[in-house]
Amino acid sequence: MICTEPACAKLNLALDILGKRPDGYHEMRMVMQSIDLADHVTVSTCPGKEIVVTTDLPYLPKGDGNIAAKAALWFFSSVGMEPEGLAIDIQKNVPVCAGMAGGSSDGAAVLRVLRRLYMPDMTEEQLEEIGALVGSDVPYCVRGGTVLAEGRGERLTDLPPLPPCWLVVCKPSCSVSTPELFAQVRLKKLRCHPDTAGMMNALERQDLEGIARRLYNVFEDVLPRRYAEVFVIKNELLELGAMAASMTGSGPTVFGIFQDQETAAQAAGALSKQYAAYLCRPCGAAGI
Ligand code: C5P
């Protein structure tokens with residue numbers, strides 16, 4: 001049996017850190033948005049019990065170290081099955097270590113395929129609970145679309161979709177370590193927080209200007225100086241006509257919101273001379 005599943009990247013329209021939890025993780029409040037930049041995950045059943053991962057990026061882990069294999073192992077143990085032999089092949093299109101949940105989304109795609117193959121009656125909530133065992137962003141990636149994610153990232157509330165727009169996503173060459181950036185956060189020193197309630201109202205009203213005005217990611221305020229390129233790209237996006245621009249997740253990827261395709265395409269073209277740049281559209285659950 002062979003199944004292929006898209007694994008969409010996400011952007012953060014808002015990212016807030018509310019506190020430190022007793023389990024060492026942080027209490028989050030994030031507005032997440034799927035985009036049509038996606039990896040392609042192919043899962044084939046094989047004889048034996050081994051789970052092998054291959055990708056078109058040779059430096060990514062091939063065995064249990066890959067989040068896609070971890071997701072499969074958590075799926076089997078959660079449903080009380082012995083692991084089945086699987087060959088998981090991932091065509092990577094989403095930049096790695098970019099704050100776009102590329103790895104989490106691959107893990108979520110594996111979970112969706114395994115549910116289809118072995119547990120078709122499993123509910124979305126049950127699959128998201130397994131996702132939470134795999135990683136903080138995985139429950140959201142199982143669901144996709146426009147979602148408020150709270151707690152560690154596992155408490156999900158569907159939101160109205162982002163109104164039609166164009167997104168220019170730009171990844172500088174540096175990479176940020178998520179745990180390292182969380183370690184930089186001094187909660188009392190975070191003076192600004194996103195207007196998440198206002199963002200949700202703007203989504204309700206389908207007010208793209210109101211949404212753009214409220215793009216905010218508190219991680220930008222704790223970025224070490226060596227990531228100054230993030231702010232250079234933000235300014236370039238604004239100069240190239242973006243309504244607003246923000247870093248996504250723990251970075252370093254930056255995105256801008258555009259009302260019209262032509263301006264967005266020109267901005268993506270200009271940025272691609274220096275960086276990895278992508279012209280994207282928002283998408284709903286499971287890449288639709
Ligand atoms: O859950 P995941 O493995 O994706 O998290 C990676 C790291 O990010 C954690 O080890 C932790 O340092 C940090 N993290 C956090 N609070 C969250 C999510 C992640 O501190 N809500």
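Above this text is the structure in question.
Residues numbered from 1 in each chain as written. Predicted model: local features only at pLDDT ≥ 70, side-chain atom pairs only at ≥ 80, totals over all residues. Heavy atoms only, no water.

Trainee: Please set out the site of the ligand residue by residue, giving values where relevant.
Mentor: Close to the ligand lie Tyr25, His26, Met28, Gly135, Ser136, Arg152, Thr178, Pro179 and Phe182, which account for all nearby residues. Between the ligand and His26 there is a distance of 2.7 Å, counted from an oxygen atom to a side-chain nitrogen or oxygen. Burial of the ligand by the protein chains amounts to 70% of its free accessible area of 450 Å². For the shell around the ligand, the secondary-structure elements that each account for two or more residues are strand E2 (26-46) and helix H5 (178-184). Examining the composition of the shell around the ligand, we find that 3 residues originate from one element, H5, more than from any other. (Near = heavy atom within 4 Å. Polar contact = N/O pair within 3.5 Å; in protein donor to acceptor, adjacent residues only side chain to side chain. Areas by Shrake-Rupley, 256 points an atom, 1.4 Å probe, with all protein chains shown as cover. Helix = DSSP H or I, 4+ residues; strand = E, 2+ residues; numbered from the N terminus.)

Trainee: Any chance you could break down helix H1 (residues 67-78) for me, citing the residues and the numbers?
Mentor: Three- or four-residue spacings in an α-helix give side chains the same orientation, since the helix completes a turn every 3.6 residues. The end-to-end C-alpha distance of H1, which contains 12 residues, comes to 16 Å, matching closely the 16 Å that a straight helix rising 1.5 Å per residue would cover. On the buried face of H1, the contacting elements are strand E3 (51-55), strand E4 (85-91), helix H2 (102-118) and helix H3 (124-134). Between a side-chain oxygen at the N-terminus of H1 and the backbone nitrogen of Ala68 the separation is 2.8 Å; the capping residue is Asn66. With its phi angle positive at about 75 degrees, Gly80 sits one or two positions after the end of H1. (Expected span 1.5 Å × (residues − 1). Contact = heavy atoms within 4.5 Å.)

Trainee: Break down helix H8 (residues 229-239) for me, with residues and values.
Mentor: Val230, Ile233, Lys234 and Leu237 are the residues of H8 that are buried. Each buried residue of H8 lies within a common arc of 105 degrees when the element is viewed along its axis, so the set occupies one face. Directly after H8, the chain includes Gly241, whose backbone phi takes a positive value near 110 degrees. (Buried < 20%, exposed > 50% of the residue type's maximum accessible area, 1.4 Å probe, protein only. Arc of directions from axis to C-beta.)

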